[in-house]
Amino acid sequence: MYSFMGGGLFCAIVGNILLVVSTATDYWMQYRLSGNYAHQGLWRYCMSNKCYMQTDSIGKILPCGTTTITFETNQKHMQICVSSIRMKHLMISTCFLAAYWNATRAFMILSGMSCFAGIIAGLMSFAHFSSFERFNRSFAAGIMFFVSTFFVLLAMAIYTGVTVNFLGRRFGDWRFSWSYILGWVAMLMTFFAGIFYICAYRMCECRRGTGPR
């Protein structure tokens, strides 16, 4: 049973590292824009050796439900509120993009936190307490790893669906990149970590059930 716990802990640590790297790096998607190579992550997009925050490309939405456009004429800025049908469509698109980025980021962060909590519970399961307490911690660790798997699956599903059906149509030449792939690998690692810890818990339960009474 300790071999299962050790294997699960190894998978969980690797998965947590991959989650952090995947969330923090800027290579979820690569594409060409106006002949220039560009790439983007959950927080920034980069082109021509310069990086910008994703919020810079979304724009600002006014509380009144209109979009602000700034024109420069004779070095003076004029702000005009536009409420036409076209701008309402643009407002919906920008709100959709903002929700898409926020949801993906939130689920990736929650996944990393759940995995870290599972690692703490997994380490505590090696402590020399009573068998009942020790392997209850193994069960808790397994559940936390499955929760982490669920969160990262939601994040990857949201990102994949929106990119393929919305963002991908804006670029003729694009592909997913290594940060995106690391997210899927991290999901597999946390899933296997949960399997290992649940197996360790079940083995202990079986031994207790067949032991002397």
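Scroll up a little and you will see the structure.
Right, let's walk through the structure included here. As the structure is a computational prediction, the values presented were derived from the model and not from experiment.

Scoring rules and cut-offs
- Residues numbered from 1 in each chain as written.
- Predicted model: local features only at pLDDT ≥ 70, side-chain atom pairs only at ≥ 80, totals over all residues.
- Heavy atoms only, no water.
- Helix = DSSP H or I, 4+ residues; strand = E, 2+ residues; numbered from the N terminus.
- Contact = heavy atoms within 4.5 Å.
- Areas by Shrake-Rupley, 256 points an atom, 1.4 Å probe, with all protein chains shown as cover.
- Pairing = 2+ DSSP bridges.
- Axes fitted to C-alpha atoms, helices over the stretch in contact; angles between N-to-C directions.
- Buried < 20%, exposed > 50% of the residue type's maximum accessible area, 1.4 Å probe, protein only.
- Polar contact = N/O pair within 3.5 Å; in protein donor to acceptor, adjacent residues only side chain to side chain.
- Core = buried A, V, L, I, M, F, W, Y, C linked by side-chain atoms within 4.5 Å.
- Salt bridge = Lys/Arg side-chain N within 4 Å of Asp/Glu carboxyl O.

On to the overall build of the chain. The secondary structure content of the chain amounts to five helices and seven strands. Moving toward the C terminus, one meets the helices and strands of the chain in the order α-β-β-β-β-α-β-β-α-α-β-α. Pairs at least 24 apart in sequence give 66% of the contacts found in the chain among residues at least 6 apart. For the chain, the exposed area adds up to about 12200 Å²; of that, 67% sits on carbon and sulfur atoms.

This part covers the sheet that holds strand β1 (residues 29-33). Within the open sheet, the five strands sit side by side as β4-β3-β2-β1-β7. Their pairing is antiparallel. Strands with a single pairing partner mark the edges of an open sheet, and in this sheet they are β4 (50-53) and β7 (174-176). Strand-to-strand, the axes of this sheet are offset by a mean angle of 20°, without reference to chain direction. Relative to β7, β1 is paired through three bridges, and the arrangement is antiparallel. Bridge pairing links Q30 to R175 in β7.

What follows concerns the environment of T25. Within the secondary structure, T25 is located in the loop between α1 (2-24) and β1. T25 sits in the buried class, given a relative accessible area of 19%. Here the alpha-carbon distance between T25 and Y180, two residues 155 residues apart in the chain, equals 9.4 Å. Excluding residues within four positions of it along the chain, T25 makes contact with G41, L42, W178 and S179. Among the polar contacts made by the side chain of T25, one reaches the main-chain carbonyl oxygen of V21 at a distance of 2.7 Å. Here S179 takes part through its side chain, which lies 2.5 Å from a polar atom of the side chain of T25.

Quick look at the pairing of strand β3 (residues 44-47) now. Pairing of strand β2 (residues 36-40) with β3 involves three bridges; the strand directions are antiparallel. If you follow H39 over to β3, its bridge partner there is C46. Connecting β2 to the antiparallel partner β3 that follows it, the hairpin turn spans three residues. Bridging between β3 and β4 involves four bridges; their strand directions are antiparallel. The residue bridging C46 from the neighbouring strand is C51, located in β4.

Burial of nonpolar side chains together is a common tendency in soluble globular proteins. Among the nonpolar cores identified, the biggest contains 34 residues, and W28, M108, F145 and Y159 are the most heavily contacted of them. For this core, the elements supplying multiple residues, two or more each, are α1, β1, α3 (85-124), α4 (131-167) and α5 (178-210).

In this structure the tally under the stated criterion is one salt bridge. Linking R44 and D26 is a salt bridge whose minimum nitrogen-to-oxygen distance equals 2.5 Å. Of this pair, R44 sits in strand β3 while D26 sits in the loop between α1 and β1, and the two are 18 residues apart along the sequence. Overall, the relative accessible area of 33% leaves R44 in the partly exposed class. For D26, a relative accessible area of 8% puts it in the buried group.

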